[in-house]
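Observations on the three-dimensional arrangement
One letter stands for each residue in the lines below.
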Amino acid sequence: MSVGIWARKTMALGLAVTLAGPSVSVLAAQEQGESQEEKKARRQQQAEKQQKQQQEREQEQAKQRAEREERAARQQEKAQQDQEQRQREREQRSQQQQERQDAEQRARQEQRESQAERQRERAQQLEQERAARQTEQAQRREQAEEARRQEQAERQRTDQAQRDLERRQRRAEQARLEEEAKAAEQARIAEQARAAEQARANERAQQAQREAMERSRINRGNDARARQPIPGGNASARSGEWITEQQRSDIIRENRERSERFASSWSDRQRLARQRAEQLQSQRRNAYYRYQQRYVDRLNNQWRYNDWRSYDYRNDPYFWSPPAYRYRYGGSYYQINDYGADLLRDAVNRGYEEGFLAGQADREDRWRGDYRDSYVYEDASYGYRGLYVDQRQYGHYFRQGFDRGYSDGYNSRYQYGYRDNNDNGALKVLGAVLAGILIFEAIN
């Protein structure tokens, strides 16, 4: 209810009371002088008047209630309209927000699709570039491999030509030396014969005996020259001035002591081989285990036929031939003849072949490339029988070849060696590499 309406109702009620008050007083005064009927009539009029006033008041109250109800209804309707307006505004804002979100989501989706498309294009471009690089690298590798094969073939032809030239020169030198030796021997025999003719009978007999002994020694030397040497393959004995009997005896004694020392270490090397085999099995290096077992089998076969106690030193040309070269090892110079030099060359070649096979086995096992933990590298004795050179020197040059062979075998290449198809496919060190490892200087 508003303040204005309340004020108007209060004034109306006050006015009604004011008007009613004098009437009641007047009526009371008049009742004293009027008759009963008049009083009755007045009371009836007064009652009607009061009833009428009451009806007016009730009508006024009903009107006020109707006005209040109408105002309440209008307020409620307005509140409902306001609420509906706010709801419509909220819905509109929510719809606008949803539309903005949808628009942002569509923009992000378009951005992601655009980015994905750029990434696909970039990946396709990178794949094309990678394929092009691979193709280019493959072409370069093929060209490099072809160039390497041609270079290797050229080196092999050059090395073979050099070896052929050296063999021809050695044969010519050998033939010349043999002719000179024969002429000198014939002159010496003729001189002895002339001296024997001038001596007394007993001197002639002694001279004849000495000549017979000398001829026997010469025949033994000729047999030794004709015999193929043990380590070197097809090289013949060096001719010339043979060493003395005392020198030969000293060399034979030294070789026997060396062979005995080498034989005494055989059991220790076998025990070490068994330990390394167990270690390889625990490491699951199956390929290298098989390779080491084959190496040990070759050592056993070599050992089975290596009877140093009954070795025939007299029919070995090494023990008749004088030194032909010198080489440097461990800071000192050593002298050696053709047969000892061939043995050291064989040590390098055998080491290269064993190293190549060891590298292939480690690559097959996917083991780290390290040749130094190999039993074969540590043993380094295959092909050695205690003759000609010290075991430490043989092992040193064996390991020089092993190191290079392992690198080639592990990396599947022939940088330091080649496969000799003229020698049943044996693996050998290139001539230039071998010349860098073993440097022999001719004594004469």
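In this report, the structure presented in the accompanying data block is examined. In this text the structure is predicted, and so the values were computed from the model without any measurement.

Rules and cut-offs
Residues numbered from 1 in each chain as written. Predicted model: local features only at pLDDT ≥ 70, side-chain atom pairs only at ≥ 80, totals over all residues. Heavy atoms only, no water. Helix = DSSP H or I, 4+ residues; strand = E, 2+ residues; numbered from the N terminus. Buried < 20%, exposed > 50% of the residue type's maximum accessible area, 1.4 Å probe, protein only. Areas by Shrake-Rupley, 256 points an atom, 1.4 Å probe, with all protein chains shown as cover. Polar contact = N/O pair within 3.5 Å; in protein donor to acceptor, adjacent residues only side chain to side chain. Contact = heavy atoms within 4.5 Å. Pairing = 2+ DSSP bridges. Axes fitted to C-alpha atoms, helices over the stretch in contact; angles between N-to-C directions.

Concerning the overall build of the protein chain
When its secondary structure is counted, the protein chain shows 10 helices and 5 strands. In the protein chain, which comprises 444 residues, the proportion classed as buried is 27%. Surface exposure of the protein chain reaches about 29,800 Å², of which carbon and sulfur atoms provide 45%.

Observations regarding the side chain of Arg 285
Take Arg 285: it is sitting in the loop between helix H5 (266-282) and helix H6 (286-304). Here the side chain of Arg 285 touches Asp 362 through a polar contact of 2.8 Å, side chain to side chain. Excluding residues within four positions of it along the chain, Arg 285 makes contact with Leu 280, Asp 362, Asp 365, Trp 367 and Asp 373.

A word on the sheet that holds strand E1 (residues 325-329)
With antiparallel pairing, 3 strands are arranged side by side in an open sheet as E2-E1-E5. The sheet terminates laterally at strand E2 (332-336) and strand E5 (441-442), the two strands that pair on one side only. As paired elements, E1 and E5 share 2 bridges and run antiparallel to each other. Paired with Tyr 325 across the bridge in E5 is Ala 442. Against the sheet, helix H9 (residues 391-411) touches E1 and E2, its axis set at about 80 degrees to E1.

Quick notes on the environment of Gly 355
The topology assignment puts Gly 355 in helix H7 (residues 338-364). In this structure the C-alpha to C-alpha distance between Gly 355 and Tyr 371, which are 16 residues apart in sequence, comes to 7.7 Å. Those residues in contact with Gly 355 that sit more than four places away from it in its chain are Phe 402, Gly 405 and Tyr 406.

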